[in-house]
Amino acid sequence: MHDIKSFVTIFLPLNIPIVIPLQEYTKRMDSGNHTEFVLEGLAETRELQVFLCILLLTFYVIILPGNILIIVTILKDPQLGAPMFFFLANLALMDICYSCSKMIVNFFSGCQTISFKGCLTQLFFIQFFGGAEINLLISMALDRYVTICHPLHYVTVITKPACWALVVTAWAGGFLHSIMQIIIILPLPFCGPNKLKNFFCDVTQIIRLACTNTYSLEFAMYINSGLTTAGCFILLLISYGALLIKVRTGVSQGKTKASSTCITHIIIIFIMFGPAIYLYCHPFHDFPFDKMVGFFHIVVFPLMNPMIYTLRNKEVKVAMWRLLKNCNMGFQW
């Protein structure tokens, strides 16, 4: 039977204890924490990696300006002053920040290593913008609920201060979610393998590299990210499903437009939540498609959300063409 003094207990945030042998603890402290991680990237071969970089760059050149155009159009056009378009502009901004948070460190530089501080910085922004976007989608669902179920009270309920309050709450919720992840990871010792099987710093993979038993932490992350995301996804689907039924059975003149808006939101919800549920609802194991799903979830899909919304909204398309036409006339003048 082991002597109790031969073990050391480390208390992490949220009072999660980790018990490790004293000799192993001393060895870790002597070796010190790693100062950097090695990223595997998307592909094993250099040629395929370059091809994916070119593909991604092409995608950004086409889609990223489109998202910026959506934001500028909504800000410039007074006819797009409804709260729905205010939320859409914020969604486009969050999606740009969310996808670009991956690009900050190493995608175009070709560097396969990232410092511990750089990894935490990247992780913070990915979780920050991702959490904020989930909260914003909930706010957009609330906006649609008031529009369809209480149209006579819409102007008095969804006011401009209320819209700003919902957006600020979304950003604050994302910040709180992100800072909780960082607080949990900071005390962890990293002295063993330092290779991340991904092209960006993902919270579940970082925890697995810690020199300790991280089962309790992975379970906490599973609840915090996986189950929470799945729960929000189910609630949003139920709410939009109920709104679609109410719209289809109603007799209002604008039910076609309301139905189209709800369907658009459902598409965005599937695009945003589907990959996130896949990635964070199996924290204890790696699967072959994790890298590809993470690539589309972090980089590709976020930029597509506002574009999908715009292509299904006639008012935004007309306003965009009007803005481009005015800009073209200004250049000719």
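The rules behind these values
Residues numbered from 1 in each chain as written. Predicted model: local features only at pLDDT ≥ 70, side-chain atom pairs only at ≥ 80, totals over all residues. Heavy atoms only, no water. Helix = DSSP H or I, 4+ residues; strand = E, 2+ residues; numbered from the N terminus. Buried < 20%, exposed > 50% of the residue type's maximum accessible area, 1.4 Å probe, protein only. Contact = heavy atoms within 4.5 Å. Pairing = 2+ DSSP bridges. Disulfide = S-S within 2.5 Å. UniProt positions renumbered as here; feature names shortened; annotations may be inferred.

Q: What exactly am I supposed to notice about the overall build of the protein here?
A: If you tally the helices and strands in the protein, you get 11 helices and 5 strands. Taking all 333 residues of the protein together, 47% fall into the buried category. Counted over contacts in the protein with a minimum sequence separation of 6, partners at least 24 positions apart contribute 76%.

Q: Sorry, what's going on with the pairing of strand β3 (residues 36–39) here?
A: Residues in a regular strand point their side chains to alternate faces of the sheet. By the alternation rule, side chains of β3 split into Phe37 and Leu39, which are all buried, and Glu36 and Val38, of which none is buried. In terms of strand pairing, β3 meets strand β4 (residues 113–115) through 3 bridges, oriented antiparallel. Each bridged residue has a counterpart across the sheet, and for Phe37 the counterpart in β4 is Ile114. Bridge count for β3 against strand β5 (residues 195–196) is 2 bridges, and the pairing is parallel. Counterpart to Leu39 in the pairing with β5 is Leu196.

Q: What's the story with the state of the cysteines in this structure? I'm lost.
A: Under the criterion given, the structure shown has 1 disulfide. Shown here is the disulfide that connects Cys119 with Cys201, its sulfur atoms set 2.0 Å apart. Judged by the sign of its S-S torsion, about -130 degrees, the cystine formed by Cys119 and Cys201 is left-handed. With Cys119 in helix α4 (residues 116–149) and Cys201 in the loop between β5 and α7 (203–208), the pair connects residues that are 82 residues apart, well separated along the chain. Here Cys119 and Cys201 have matching classes, each one buried.

Q: Mind showing me how you'd approach the UniProt feature "transmembrane region" (unreviewed entry) in the protein here?
A: When the UniProt feature table is mapped onto this chain numbering, "transmembrane region" (unreviewed entry) sits at residues 48–72, 84–104, 124–142, 163–190, 222–245, 257–280 and 292–311. Taken end to end, residues 124–142 comprises 100% helix and 0% strand; its first and last C-alpha atoms sit 27 Å apart. Helix and strand shares over residues 222–245 are 100% and 0% respectively, and the end C-alpha atoms of the span are 33 Å apart.

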